[in-house]
Amino acid sequence: MREIIKMSVKLLFRNVGFWLCLIVLPILATFIMSIKQQNLSYYYLDNDDMGVLEITDYGEKVAYYAGDGKFVVKVYDACGNDLSEYLLGQLARSGMFKIGRMKVTNRAEADDYVLSDGQNDRMGAVLFISPEFGSSRESFKKLGDGVTAYVMSDDERFEIFENKVEAILQRIELKYALTGSTDTAGLVKALEAEDALLPAKKTQSVIGKTGSGLTKDQIDMKTNIGYAFAFLTLSFVLIGNLVAQGVIKEQNNDVLKRIKLTGKTSVTYFASKVIICVIVSFLIALVTLACTFFLDAGSMGIGRLALTAMIFLMGLIFCSLSLVAGTIAGNVMSANITSFTIWCMSCMLSGLYFPMNGTSDTVQAISSVMPQKWFMDGIEKIFLGDKSAWLMLLCVTAAYIILFIGFGSVGIRMRSSED
């Protein structure tokens, strides 16, 4: 086995593509981790922070805030007085709706935006608050000229939203009837004094696991690490493909037959290729570790050694997976296509690019099969101080490796019998 490994490593080191995967892609992954940004695709408000999201740029999509499963409502506020603030605050604090408010000047401007939203954004409903809201009793008696609701989806929760708005308007109208004052500030104070007598309420979200205790900074760090993992996954997949191409060439040149004449089995031969994947994964992890010394440790949110260990384990999985897929494919072109497909599909379905907790149960079940999903969950556990993360990652890695060695050995036997 030692001779097989030594020969394969020498051939691998002579390949220019290998050095690209070993040096350039880890540097790019480290550069991604160094970028400071707020990632809206992973943005979640804390459970106690149920305020109104202020939208200053029309290009900002409210669909970005739909990750926690709440009914998303975009509000075009042409009023901006204390009463409209109270209305939106009540909707946001109910815990059922995600409210994003953009200020406009008149209904014509809002109508143009609503027409565009139907094609370019995704939300459950749109609410328009006219400049006359609060100026008279008729403006808040019910949904109509003062407050207008637009249906923007087939979500059945629109009826709940409509009933909630009308209930708030009825409270405002009733308080107005008792006070007889058109002063919106005084009316809001009376309503808030009434609200203070109600029992305190706390909304606990049970939709998805992404927002379970992570701070906004930690969510940003986790997102950056996910993007970095996408580059590293590409590196591992390509190197596994290079090893698989070596296996294919050795089969075509009857090298495997001569190896079997020495008493080696298919399992031993494939295990030697897996050991090469172990060596290469370790080298990529070391290169990434060296690159992280140019970063501030606090900006990563995870220790350098812990991140290096996770990269090494993930490398074992994807190098082996690409090796197995390429070996079963049987020719170089098919192996290249298979490797690229593995990289694209696994990164997209594992949640490296965007959260998957808002998708269907079927998509989430597929996502749980992707190795990166387990590593992203492991990062979250490490952020939260959960020591069971490493046991989970070690078990997942061992399970994948055992599975791939078995499939690879069977694949080599099948290809040999066909030849």
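Details of the structure are given in the entry above.
Predicted model only: the values in this text are computed from it and were never measured. (Residues numbered from 1 in each chain as written. Predicted model: local features only at pLDDT ≥ 70, side-chain atom pairs only at ≥ 80, totals over all residues. Heavy atoms only, no water.)

1. Concerning helix α3 (residues 82-93)
For an α-helix, the turn length of 3.6 residues means that residues three or four places apart are oriented alike. The terminal C-alpha atoms of α3, which comprises twelve residues, lie 16 Å apart, in line with the 16 Å expected from a rise of 1.5 Å per residue. Burial within α3 is extensive, with nine of its twelve residues counted as buried. Along α3, the residues classified as buried are L83, S84, Y86, L87, L88, G89, Q90, L91 and A92. Between the side-chain oxygen of the N-cap and the backbone nitrogen of L83 there are 3.1 Å, and the N-cap of α3 in question is N81. (Helix = DSSP H or I, 4+ residues; strand = E, 2+ residues; numbered from the N terminus. Expected span 1.5 Å × (residues − 1). Buried < 20%, exposed > 50% of the residue type's maximum accessible area, 1.4 Å probe, protein only. Polar contact = N/O pair within 3.5 Å; in protein donor to acceptor, adjacent residues only side chain to side chain.)

2. Some remarks on the pairing of strand β4 (residues 125-129)
Within β4, five of the five residues are buried, which leaves the element mostly enclosed by the surrounding structure. Of the two faces of β4, the one holding A125, L127 and I129 and the one holding V126 and F128 are both buried throughout. Across five bridges, strand β2 (residues 71-77) lies against β4 in parallel orientation. From the neighbouring strand, V73 faces β4, where its bridge partner is A125. Where β4 and strand β5 (residues 147-151) come together, five bridges link them in antiparallel fashion. Paired with L127 across the bridge in β5 is A149. (Pairing = 2+ DSSP bridges.)

3. Brief notes about the packing of α3 against helix α5 (residues 157-179)
When two helices pack together, their arrangement is captured by the angle between the axes and the distance separating the axes. Between α3 and α5, whose axes approach to 10 Å, the crossing angle comes to 135°. Taken together, α3 and α5 sit at an angle that is classed as oblique. Of the two elements, α3 crosses α5, and the hand of that crossing is right-handed. The segment α3 lies against α5, with L83, Y86, L87, Q90 and L91 engaging F161, K164, V165, I168, R171 and I172. In the contact of α3 with α5, the residues fall into eight nonpolar, one polar and two charged. (Axes fitted to C-alpha atoms, helices over the stretch in contact; angles between N-to-C directions. Parallel < 35°, antiparallel > 145°, perpendicular 65-115°, else oblique. Left-handed = near helix turned anticlockwise from the far one by under 90°. Contact = heavy atoms within 4.5 Å. Nonpolar A, V, L, I, M, F, W, Y, C, P; charged D, E, K, R; others polar.)

4. Some remarks on the sheet that holds β5
Neighbouring strands of a sheet are bound in pairs by backbone hydrogen bonds; such pairs are parallel or else antiparallel. Here we have five strands laid out as an open sheet, ordered β1-β3-β2-β4-β5, and mixed in their pairing. One side of each edge strand has no neighbouring strand; the edge strands of this open sheet are β1 (53-54) and β5. Of the strands in this sheet, β2, β3 (97-103), β4 and β5 are in contact with α3, which crosses β3 at around 155°. Each of β2, β3, β4 and β5 touches α5; the most contacted strand, β5, lies at about 175° to it.

5. Some words on the state of the cysteines
Taken as a whole and assessed by the stated rule, the structure comprises zero disulfides. Cysteine C21 is unpaired, with the sulfur of C319 as its nearest cysteine sulfur at 9.1 Å. Its relative accessible area of 2% is what places C21 among the buried residues. C347 takes part in no disulfide bond, and the closest cysteine sulfur, belonging to C344, lies 7.7 Å away. For C347, a relative accessible area of 0% corresponds to the buried category. (Disulfide = S-S within 2.5 Å.)

6. Points about the packing of aromatic side chains
Taken as a whole, this structure holds ten aromatic pairs when the rule is applied. Geometrically, the ring pair formed by F13 and F18 is stacked, given 5.1 Å between the ring centres and 25° between the ring planes. In this structure F13 comes out as partly exposed when scored by relative accessible area, which is 35%. Summarising the aromatic geometry, the rings of F18 and W19 are spaced 5.3 Å apart at their centres and angled 75° between planes, so their arrangement reads as edge-to-face. Classification of F18 as buried rests on a relative accessible area of 0%. (Phe/Tyr/Trp six-rings, centres within 6.5 Å; stacked < 30°, edge-to-face > 60°.)

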